[in-house]
Amino acid sequence: MATPTLQVALDLLELDRAVEIADEAVRGGADWIEVGTPLIKSEGMQAVRTLRERFPGHEIVADMKIADTGAIEVEMAAKSGAGVVCILADADDAVIVEAVRSARKYGVRLMADLINVADPVDRSRELAALGVDYINAHVGIDQQMIGRSSLDLLRRLAGETGIPIAVAGGLDAETASEAVAAGASVVIVGGNIVKAADVTGAARRVREAIDRPEIRPREEESRDAAIRRLFEAVSAPNVTDGMHRKGAMAGVVSICGRVKAVGRAVTVRTLAGDWAKPVEAIDVAGPGDVLVVSNDGGTSVAPWGELATHSAKNRGIAGVVIDGAVRDVDDIREMKFPVFATATVPNAGDPKGLGEINTEIACCGQEVRPGDWIVADESGVVVVPRERAYEVARRAMEVRKNEERIREEIRRGRTLSEVSELLKWEKRH
Ligand SMILES: O=C(CO)[C@H](O)[C@H](O)COP(=O)(O)O
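The residue count restarts for each chain, going from 1 along the sequence in the order it is written. Residues qualify for local features only when their pLDDT is at least 70, as the model is predicted, and side-chain atom pairs are given and counted only at 80 or more; totals for whole chains, interfaces and linings, by contrast, use all residues.

Looking up the chain in an unreviewed UniProt entry gives the name 3-hexulose-6-phosphate synthase, with the organism given as Methanoculleus sediminis. Turning to the chain, the UniProt record has this under Sequence similarities (unreviewed entry): "Belongs to the HPS/KGPDC family. HPS subfamily." Looking at the chain in UniProt, the text filed under Catalytic activity (unreviewed entry) is "D-ribulose 5-phosphate + formaldehyde = D-arabino-hex-3-ulose 6-phosphate". UniProt positions are given in the numbering used here, feature names are shortened, and annotations may be inferred rather than shown by experiment.

**Q** What exactly am I supposed to notice about the sheet that holds strand β8 (residues 186-189) here?
**A** One key point about sheets: their strands pair by backbone hydrogen bonds, in either a parallel or an antiparallel sense. Here we have eight strands rolled up into a closed barrel, ordered β1-β2-β3-β4-β5-β6-β7-β8, and parallel in their pairing. Strand-to-strand twist across the sheet, computed as the mean angle between neighbouring axes with direction ignored, equals 25°. Two strands qualify as a pair provided DSSP detects at least 2 bridges between them. Helix numbers and strand numbers start at the N terminus; a helix is a DSSP run of H or I with at least 4 residues, a strand a run of E with at least 2. The pairing of strand β2 (residues 32-35) with strand β3 (residues 60-66) spans three bridges and is classified as parallel. Each residue of the ladder has a partner; that of Val35, found in β3, is Ala62. The contact rule is simple: place each C-beta atom from the backbone, and if two of them lie within 7 Å, those residues are in contact. Axis lines are fitted through C-alpha atoms, for helices just across the contact stretch, and the angle between N-to-C directions can take any value from 0 to 180 degrees. Sheet contacts for helix α11 (residues 199-211): β1 (5-10) and β8; angle to β1, the most-contacted strand, approximately 150°.

**Q** Any chance you could explain the nonpolar core here in plain terms?
**A** Soluble, globular proteins show a tendency: their nonpolar side chains are buried together. By definition, a nonpolar core groups buried Ala, Val, Leu, Ile, Met, Phe, Trp, Tyr and Cys residues that are joined through C-beta atoms within 7 Å. Counts of 20 or more other C-beta atoms within 10 Å of a residue's own C-beta define buried residues, counts of 12 or fewer define exposed ones, and intermediate counts define partly exposed ones; C-beta atoms are placed from the backbone. Ranked by size, the top nonpolar core spans 79 residues in total, and within it Val8, Leu10, Ala62, Val85, Ile87, Val167 and Val187 carry the most contacts. The greatest single-element share of this core, amounting to six residues, is contributed by α11. Excluding anything up to four places from it in sequence, Val187 contacts Pro4, Leu6, Gln7, Val167, Leu171, Ala176, Ala179, Val180 and Ile210. Counting residues in hydrophobic clusters, the runner-up holds 57 residues, among them Ala281, Val290, Ala325 and Ile332.

**Q** I'm lost on the site of the ligand in this one. Help?
**A** Taken together, the neighbourhood of the ligand is formed by 17 residues, with Ala9, Gly140, Ala168, Gly190 and Gly191 sitting nearest. Of all the elements in the fold, those that place two or more residues in the shell around the ligand are β8 and α10 (191-194). Residue type decides the class: Asp, Glu, Lys and Arg count as charged, Ala, Val, Leu, Ile, Met, Phe, Trp, Tyr, Cys and Pro as nonpolar, and the leftover types, Gly among them, as polar. Residue classes in the shell around the ligand are distributed as six nonpolar, nine polar and two charged. We call a residue near a molecule or strand when its C-beta atom, built from the backbone, sits within 6 Å of it.

**Q** Quick question: what am I supposed to make of the domain arrangement of the chain here?
**A** Interfaces are often sized by the accessible area lost when the parts come together. For the chain, the assigned domains read domain 1 (5-211) and domain 2 (226-390). A C-alpha centroid distance of 45 Å is found between domain 1 and domain 2. Residue ranges assigned to each domain were obtained from an automatic or database domain assignment.

**Q** Would you take a moment to explain helix α3 (residues 45-54) for this structure?
**A** Residues separated by three or four positions in an α-helix point in the same direction, a consequence of the helix having 3.6 residues per turn. Within α3 the residues assigned to the buried category are Ala47, Val48, Thr50 and Leu51. Along α3, the residues classed as buried sweep out an arc of 165° about the axis, all on the same side. Among the structural elements, α1 (15-27), β2, α2 (37-43), β3 and α4 (70-80) are those in contact with the buried residues of α3. What the arc describes is the spread of directions from the helix axis to the C-beta atoms.

**Q** What am I meant to see in the UniProt feature "domain: Orotidine 5'-phosphate decarboxylase" (unreviewed entry) in the chain here?
**A** Using the residue numbers shown here, the UniProt feature "domain: Orotidine 5'-phosphate decarboxylase" (unreviewed entry) corresponds to residues 5-206. A distance of 11 Å separates the end C-alpha atoms of residues 5-206, which is 50% helix and 20% strand.

**Q** What exactly am I supposed to notice about the pairing of β3 here?
**A** Within a regular strand, side chains alternate between the sheet's two faces. The buried fraction of β3 amounts to six of the seven residues, a majority that puts the element mostly inside the structure. Note: β3 against strand β4 (residues 84-88), three bridges, orientation parallel. Considered in β4, the bridge of Ala62 is made with Val85. The β-α-β motif built from β3, the intervening α4 and the parallel element β4 has right-handed crossover chirality. The crossover handedness rule: strands pointing away from the viewer, path from first strand over the helix to second strand clockwise, crossover right-handed.

**Q** I'm lost on the packing of α3 against α4 in this one. Help?
**A** Relative orientation and spacing of two packed helices are given, respectively, by the angle between their axes and the distance between those axes. Running from N to C, α3 and α4 point in directions that differ by 30°, and their axes come no closer than 8 Å. Residue-level contacts link Met45, Val48, Arg49 and Arg52 of α3 to Met76, Ala77 and Ser80 of α4. Here the contact of α3 with α4 is built from residues that sort into four nonpolar, one polar and two charged.

Right under this line is the structure:
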């Protein structure tokens, strides 16, 4: 088997950062340098020219995602220095034929990207017959967030096309190695290299893994387990960033400082100070759940205190969020149990039994339904609608990864404004 090619995908907005990251990736063993679609949209063909000049010994791939005007776009990329140009596999045959003619004329190769193609096996055969040089079994970034897998797509194509297969979409060292074992000759890795603080180390791990391809037995993980694992690995701010800055409760803080609660909501509606339903909900909730109590916003009487906390902790409940006050704060702190509240007050109310358990509630400005996910830490509490939980958890992890590289660049001496080119990206009115 020929040595697999490692293509690093520079899906960035800033050319200077892209050059620096490409340099680090090449030192880790990347062969081909992909000028990612976001970089092309942000910087134009200048990005291709610059990378061509800076990396004379490496193939430059222009991820143009061509949908129309096949000849012109291939010509532009070729004249700027690309050796491989990417076209959408679901572009009309008229576009593909024109792109192939242009690619032959300018001496570049065409890679067809299967993103969103309904019948990838049939389409790949057609594209090979039309003269495309590589098929890219690609699952796009938004599709990855809802759980689609590039390895599954690749496995459907293996042995079917007669031309080399590239693979892209959320690959890391482990899945890249499996991809080569499954027949890929070009492995494309974006986020898991370019967002790493140590880009060279990340590229090297992928390089070593693809040079020793193997299929490892994988433990099946349920959706709920994956959601919990991801939410436990990110912060509440990462989660709201992953939801376009939505989902954060207002005015609620951690009573115990540095604690974290992740779990599905068991909701409670009660009236100010009536502690019957919150305490009954402890018996309704299971291990790993989070009690979310709407206390009618009352802060002068506490519906929650130390004994309830003790009981919730014994039951394995992950945390409690209250749109209202708590008491016995010193004892709760000693237990280090995640309690989030809007106030503290020493007096309790009475257990009258008003309210209900597990109905839709409003808590600190957010709608919460039973089964929605709660991620709470020292920064505050975020609610994630249950039907979007997997996607949001994946996006929150991407936010976290992205910050790793930015943090590293700040550590090296740049300002945050410089790293993110804030002035350039201010909204124009
Ligand atoms: O073309 C792309 C997105 O449309 C990316 O370059 C490709 O998906 C590789 O990046 P990642 O490894 O982050 O998925």
